[in-house]
Amino acid sequence: DAAGIDAGGTLVKIAYVKGGVRRLCKFRSDRLTEAADWLRKELPAAPLCLTGGKGAKLAALIGRDTEMMPEFEATCAGIRLLLPPALGESAFLLANVGTGTSVHVIDGERNLRIGGTGLGGGTIVGLARLLTGLDEYEAIVTAAAKGDRGTADLKVRHIYEGMEPPIDGDLTASNFGRVFPGAVIGSGEEGSISREDALASVIGMVGEAVATLCVHAAAAHGVKTIVYIGSSFNGNAPLRQAVESYTRFRGGEPHFVENGEFSGALGALLRL
Ligand code: ATP
Ligand code: MG
């Protein structure tokens, strides 16, 4: 038995082997004791390797000898297990959209962190709470999926009003640029914006910003394939859609990896 544990800013991801079977599970990072109790009970004697920003804190709660591994190393090692073999053969960009976003170039055995942005899943949850009062992730993504970005976002064609725009008129000219003076959320009055529409625009903004960063980074490193991972895509079809369509529009080749958010945990498990 053994477990690799990636304790991130929002979620603890665990990849473990017990009785010869490999399994994955998650806990909340704001309840680290639950993860520690579970590990002590389910894997009382197994070697553990931890990674992620809250790895050391969780290790202290577990209270026995554990291994530690740098987060980016773990993520880049673990992603190999999840990719279709053909994809890993040439260099690609890896974008880990977690609480925040971290971007890496992976070329064979080499990997390099080339940047990131504070825009990520945490931004979606934080702005959603401020704008709508919805606190729970499930409620936020469910509401967002019913929304329409057309209410708050200004497109290029809105600015060019019937004239021939110099770029695709359907592109976003300004995220939230269509919010007019006095607008409020959810009042139902003329000019107000529904919670659903506001949330759809928040997600669109994060998705476009992340994809923009990635296509530029990919171009700078001469790669086309961009692999997107992170729990931020879980249950969040609008985010996936925004990232996918903008990446394609800019000539990149987006891939979304099933269970990709467990890359760090799998990388840590591999270390044991
Ligand atoms: P980081 O790597 O930045 O330290 P992390 O590893 O905790 O953070 P992920 O688990 O990859 O990050 O993604 C966290 C994001 O996933 C949240 O910000 C939120 O948008 C989304 N998310 C998905 N499922 C949940 C959930 N059950 N509860 C809270 N957030 C969730
Ligand atoms: Mg993470």
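Residues numbered from 1 in each chain as written. Chains lettered and ligands numbered in written order. Predicted model: local features only at pLDDT ≥ 70, side-chain atom pairs only at ≥ 80, totals over all residues. Heavy atoms only, no water.

Caption draft 1: The overall build of the chain, seen in detail. When helices and strands are tallied, the chain shows nine helices and twelve strands. Computed over C-alpha atoms, the radius of gyration of the chain comes to 20 Å, within 12% of the 19 Å expected from 2.2 N^0.38 for 272 residues, which places it in the range of a compact globule. Its C-alpha atoms give the chain principal-axis dimensions of about 65 × 45 × 25 Å. Of the contacts formed within the chain by residues at least 6 apart in sequence, a portion of 57% connects residues at least 24 apart. The centroid of the 27 positive side-chain charges in the chain is displaced by 5 Å from the centroid of its 31 negative side-chain charges. (Helix = DSSP H or I, 4+ residues; strand = E, 2+ residues; numbered from the N terminus. Rg over C-alpha atoms; globule rule 2.2 N^0.38 Å. Contact = heavy atoms within 4.5 Å. Lys, Arg positive; Asp, Glu negative; His and termini not counted. Charge placed at Lys NZ, Arg CZ, Asp CG, Glu CD.)

Caption draft 2: Representation of the site of ligand 1 in the model. Taken together, 16 residues sit near ligand 1, with Gly 9, Thr 10, Lys 13, Thr 99 and Ser 231 positioned nearest. Within the backbone of Gly 121, a nitrogen or oxygen atom sits 3.1 Å from an oxygen atom of ligand 1. Interatomic distance of 3.1 Å between a backbone N/O atom of Gly 122 and an oxygen atom of ligand 1. Surface burial for ligand 1 is 81%, taken as the share of its 660 Å² of free accessible area covered by protein chains. Using a 2 Å cut-off from the grid points, one finds that ligand 1 occupies the largest pocket. (Near = heavy atom within 4 Å. Polar contact = N/O pair within 3.5 Å; in protein donor to acceptor, adjacent residues only side chain to side chain. Areas by Shrake-Rupley, 256 points an atom, 1.4 Å probe, with all protein chains shown as cover. 1 Å grid on protein atoms, 1.4 Å probe; cavity = no way out; pocket = protein on both sides within 12 Å on 5 of 7 lines; lining within 4 Å. Sits in = over half its atoms within 2 Å of the grid points.)

Caption draft 3: Main features of the sheet that holds strand β7 (residues 101-107). Read across the sheet, five strands follow the order β8-β7-β6-β11-β12 without closing on themselves; strand pairing throughout is mixed. Because the sheet does not close on itself, it has two edges, and the strands there are β8 (110-117) and β12 (253-256). The sheet shows a mean angle of 25 degrees between the axes of neighbouring strands, taken without regard to direction. Two elements, strand β11 (residues 225-229) and β12, share four bridges in a ladder whose sense is parallel. Residue pairing for β12: Tyr 228 is matched across the bridge by Phe 256. Lying over the sheet, helix α8 (residues 237-249) contacts β11 and β12, oriented at roughly 155 degrees with respect to β12. (Pairing = 2+ DSSP bridges. Axes fitted to C-alpha atoms, helices over the stretch in contact; angles between N-to-C directions.)

Caption draft 4: Molecular detail of the packing of aromatic side chains. This model, assessed by the stated rule, comprises six aromatic pairs. Ring geometry for Tyr 16 versus Trp 38: centroids 5.1 Å apart, planes at 75 degrees, classification edge-to-face. Highlighted residues: Tyr 16 in strand β2 (residues 11-18) and Trp 38 in helix α1 (residues 32-42), separated in sequence by 22 residues. By the ring-pair criterion, three or more aromatic residues cluster together here, those being Tyr 16, Phe 27 and Trp 38. (Phe/Tyr/Trp six-rings, centres within 6.5 Å; stacked < 30°, edge-to-face > 60°.)

Caption draft 5: The pairing of β7, seen in detail. Of all seven residues making up β7, six are buried, and the element is well covered by its neighbours. Examined bridge by bridge, strand β6 (residues 92-97) and β7 share six bridges and lie antiparallel to one another. Paired with Asn 96 across the bridge in β7 is Ser 102. From the end of β6 to the start of β7, which pair antiparallel, there are three residues. Direction of pairing for β7 relative to β8: antiparallel, over a ladder of seven bridges. Across the sheet, the residue bridging to Asp 107 is Arg 110, located in β8. In textbook terms, the turn of a hairpin is the stretch between consecutive antiparallel strands, and for β7 and β8 this stretch comprises two residues, one of which, Gly 108, has a positive phi near 60 degrees. (Buried < 20%, exposed > 50% of the residue type's maximum accessible area, 1.4 Å probe, protein only.)

Caption draft 6: Structural detail: the domain arrangement of the chain. For the chain, the assigned domains are domain 1 (2-71 + 264-271) and domain 2 (85-256). Put simply, the middle of domain 1 and the middle of domain 2, counted by C-alpha atoms, are 30 Å apart. (Domains from an automatic or database assignment.)

Caption draft 7: The arrangement of the layout of surface pockets in detail. By volume, the largest pocket amounts to about 970 Å³. What lines the largest pocket is a set of 43 residues, among which Gly 9, Thr 10, Leu 11, Thr 99 and Ser 231 lie closest to the centre. For the lining of the largest pocket, the secondary structure elements donating two or more residues are β1 (2-7), β2, β3 (21-28), α3 (71-82), β7, α4 (121-132), α5 (137-145) and α9 (263-271). Among the elements that line the lining of the largest pocket, the one with the most residues is α4, at six residues. Counting the residues that make up the lining of the largest pocket, at least three belong to each of domain 1 (2-71 + 264-271) and domain 2 (85-256). In this structure, the second largest pocket encloses a volume near 540 Å³. For the second largest pocket, the lining is made up of 25 residues, of which Arg 149, Lys 155, Thr 172, Glu 208 and Ser 245 are closest to its centre. Contributions of two or more residues to the lining of the second largest pocket are made by α5, β10 (172-174), α7 (195-220) and α8. (Points joined across faces, edges and corners; volume = space filled by probe spheres on them.)

Caption draft 8: Fine view of unusual backbone geometry. The phi angle at Glu 161 is positive, at roughly 35 degrees, despite the residue not being glycine. With respect to the helices and strands, the residue Glu 161 is situated in the loop between α6 (156-160) and β10. One non-glycine residue, Phe 176, adopts positive backbone phi at about 65 degrees. Among the structural elements, Phe 176 can be located in the loop between β10 and α7. Among the residues examined, Phe 176 registers a relative accessible area of 25% and is labelled partly exposed.

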